[in-house]
Amino acid sequence: MASLQQAFAELAQIPADTRFDLCLFWDLFNFLDPEAVSALLKALRPHLFTGTRGHGFAVHNLRTPQCGKVYGISEMDRISSRPRAANLPGYKPYNQGQLEKALDCFSVSRAVLLADSRLELLLSANLPE
């Protein structure tokens with residue numbers, strides 16, 4: 001896992017003194033196994049602080065089909081989405097409980113069930129003081 005963590009850190013190339021206010025994970029966790037989620041969060045952890053928030057999507061039911069969307073930011077306070085041309089390989093979604101266990105440095109502050117059986121999650125950094 002150390003090499004996977006190192007790979008995430010090298011790909012991101014985040015300057016050491018950078019701290020994130022917001023991490024937009026979109027539906028990324030639905031394509032990572034638990035080891036990869038852990039490695040990603042370990043690579044991000046030095047850049048988080050107690051005020052860091054996160055946003056992402058999970059599923060309410062593990063049989064929920066892949067959403068197939070591309071996400072973006074349309075305005076300072078608004079996210080956008082559009083259909084993806086084709087589904088991505090490797091879709092293995094987490095439900096809220098599974099994702100909460102995997103996200104060791106974030107906790108779910110709020111979850112909203114969407115019409116398509118997905119969950120929109122607001123996350124808060126869960127770091128020792």
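Everything below is about the structure shown above.
This structure is a prediction, so every number in the text was calculated from the model and none was measured.

> I'm lost on the pairing of strand E1 (residues 22-26) in this one. Help?
Looking at chain direction, E1 and strand E2 (residues 53-59) are connected through four bridges and run parallel. Note on E2: the bridge partner recorded for tryptophan 26 is glycine 56. As a crossover connection, the stretch from E1 through helix H2 (residues 34-44) into E2 is right-handed.

> I would appreciate a short explanation of the sheet that holds strand E5 (residues 106-113) in the present structure.
Where strands meet in a sheet, backbone hydrogen bonds hold them as pairs that are either parallel or antiparallel. The four strands are arranged E1-E2-E6-E5 in an open sheet whose pairing can be described as mixed. Both edges of this open sheet fall to E1 and E5, since each of them pairs with a single strand only. Recorded for the sheet is a direction-independent mean angle of 25° between the axes of neighbouring strands.

> How do you make sense of unusual backbone geometry when you look at a structure like this?
One non-glycine residue, glutamine 13, adopts positive backbone phi at about 50°. The phi angle at serine 117 is positive, at roughly 70°, despite the residue not being glycine. Tracing the sequence through the fold places serine 117 in the loop between E5 and strand E6 (118-125). What makes serine 117 partly exposed here is its relative accessible area of 23%.

> Is there a simple way to explain the pairing of strand E3 (residues 69-75) in this structure?
When a strand is regular, its side chains alternate between the sheet's two faces. Note: E3 against strand E4 (residues 78-83), six bridges, orientation antiparallel. Across the sheet, residue valine 70 finds its bridge partner in E4, namely arginine 82. Where E3 folds back onto E4 in an antiparallel hairpin, the turn is made up of two residues.

> What's the story with the environment of leucine 103 in this structure? I'm lost.
Assignment of secondary structure puts leucine 103 in the loop between helix H3 (96-102) and E5. Remark: the alpha-carbon pair of leucine 103 and leucine 48, spanning 55 residues in sequence, is separated by 13 Å. If sequence neighbours within four positions are ignored, leucine 103 has contacts with Phe29, Val37, Leu41 and Leu123.

How each quantity is defined
- Residues numbered from 1 in each chain as written.
- Predicted model: local features only at pLDDT ≥ 70, side-chain atom pairs only at ≥ 80, totals over all residues.
- Heavy atoms only, no water.
- Pairing = 2+ DSSP bridges.
- Helix = DSSP H or I, 4+ residues; strand = E, 2+ residues; numbered from the N terminus.
- Right-handed = clockwise from strand over helix to strand, strands pointing away.
- Axes fitted to C-alpha atoms, helices over the stretch in contact; angles between N-to-C directions.
- Buried < 20%, exposed > 50% of the residue type's maximum accessible area, 1.4 Å probe, protein only.
- Contact = heavy atoms within 4.5 Å.

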